[in-house]
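Structure at a glance
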Amino acid sequence: MYRQLSFYPNKDKNYLSLYLTIIWCNDDDESDDIASSIGWEVNVNFTLFVYNQTKDNYLAFQGVRRFHEMKKEWGFEQIISLETFKDVHNGYVVNDSCVFGAEVFIINQTAPIFATLSVVQRRFIDNPIFRWEIKEFSKIMNKYEHNSQVFSSGGIEHLSIGPDGQRSIDGKSLTMFLMMEHLKESTTYVEFCLRVIDQLNSKHKEFKVNKCYPGRNNGWGASLMSLEDLHNNSNYYVVKDTLILEVDFSLISRTKFV
């Protein structure tokens, strides 16, 4: 299960709206004490925040609601007037950026489960882009799997590729995965882009991913391109025996269970 914040600047002509969305993220390998992915239901005590960047305080709105498969979103339709919100002198919008937050307590009917939610947009992510330069690529191109060093953007991550194509469905494509390791008592929802760099024309090969990482080691990725296209000299993906890959984070939402 993951949580996300949604704000609607134009849902009401005169007011800003802010909502909490809960979507079930099923982990096939583990059972969950709250509900199954079909017919799930949770009671939630939540507070939504609008951050005043000038005064360093929050405009807060609290609610207690029942979320379920047919009603995944609850929130507040008129939290602040657009006129007040957009006025830079009021401190909510600074340098064309605004900050929202949420505190979420999920209550199980048999036992309470407390959780805190953090939502971090790209401009606040530490190291939003990780670049991986693989030199002497020809020496690893026949390997089933090759991994990058560990880095930290929203947790503990590393990239993994299948240079020989055997990890792809057709057996003839380059696969790339973002692997995340974090505490078992947490769930992370991530929006990111996997990228193979065109080193001459900047016609990069990209694949955007929106995924929920349950509280254990996980990896998500895709087949980015055929090995034939990768090794075609006219494409400039491999130059001077060097392949350059990137992962670019746009949003990280993490729920920690207490």
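Look up a bit, the structure's there.
Now for a quick tour of the structure. (Residues numbered from 1 in each chain as written. Predicted model: local features only at pLDDT ≥ 70, side-chain atom pairs only at ≥ 80, totals over all residues. Heavy atoms only, no water.)

1. Topic: the packing of aromatic side chains
Rules: Here the aromatic set is Phe, Tyr and Trp, taking the six-membered ring for Trp, and pairing holds for ring centres within 6.5 Å; pairs whose planes are under 30 degrees apart are stacked, those over 60 apart are edge-to-face, and all others are tilted. Each residue is placed in one exposure class: buried if its accessible area under a 1.4 Å probe, protein chains only, is under 20% of its type's maximum, exposed if it is over 50%, and partly exposed if it falls in between. Throughout this description, the term charge over a ring refers to an Arg CZ or Lys NZ atom that lies within 6 Å of the ring centre and within 35 degrees of the ring normal.
This structure, assessed with the given rule, holds nine aromatic pairs. Relative to Y58, the ring of Y51 lies with its centre 4.9 Å away and its plane at 40 degrees, an arrangement referred to as tilted. Judged by relative accessible area, which is 18%, Y51 ranks as buried. A residue is classified by how much of its surface remains accessible, and Y58, at 53% relative accessible area, is exposed. Relative to Y92, the ring of F85 has its centre 6.3 Å away and its plane inclined at 25 degrees; by these criteria the two rings are stacked. Each of the two residues, F85 as well as Y92, counts as buried. A network of ring pairs unites the aromatic residues F46, F61, F67 and F76 as a single cluster. The ring of W74 carries the charged tip of R65 above its face, separated from the ring centre by 5.1 Å.

2. With respect to the pattern of salt bridges
Selection criterion: The rule for a salt bridge is simple: a side-chain nitrogen of Lys or Arg has to be within 4 Å of a carboxyl oxygen of Asp or Glu. The numbering of helices and of strands both runs from the N terminus, where a helix is a DSSP run of H or I of at least 4 residues and a strand a run of E of at least 2.
A complete count under the given rule lists five salt bridges for this structure. R131 is the salt-bridge partner of E246, the closest N and O atoms lying 2.8 Å from each other. Of this pair, E246 sits in strand β16 (residues 242–257) while R131 sits in strand β8 (residues 129–135), placing them 115 residues apart in sequence. Under the relative-accessibility criterion, E246 is labelled buried at 8%. Since its relative accessible area comes to 41%, R131 is described here as partly exposed. One salt bridge connects E136 with K139, and the closest N-O pair in it is separated by 3.4 Å. The exposure class of E136 is partly exposed, given its relative accessible area of 45%. Residue K139 is classed as exposed on the basis of its relative accessible area, which comes to 63%. Each of R131, R195, E206, E246 and D248 takes part in a single network of salt bridges with overlapping partners.

3. Topic: the nonpolar core
Where we set the bar: Throughout, nonpolar core names a set of buried Ala, Val, Leu, Ile, Met, Phe, Trp, Tyr and Cys residues whose side chains join them through atoms within 4.5 Å.
If you look at the biggest cluster of nonpolar residues, it comprises 28 residues, and the most contacted ones within it are L159, V247 and F249. Those elements that provide at least two residues to this core are β8, β10 (156–162), β11 (173–181), β12 (186–196), β14 (218–226), α2 (227–231) and β16. No other element matches β16, which puts five residues into this core. Core analysis: the next-biggest nonpolar cluster, separate from the first, contains 25 residues, L16, V42, L48 and L82 among them.

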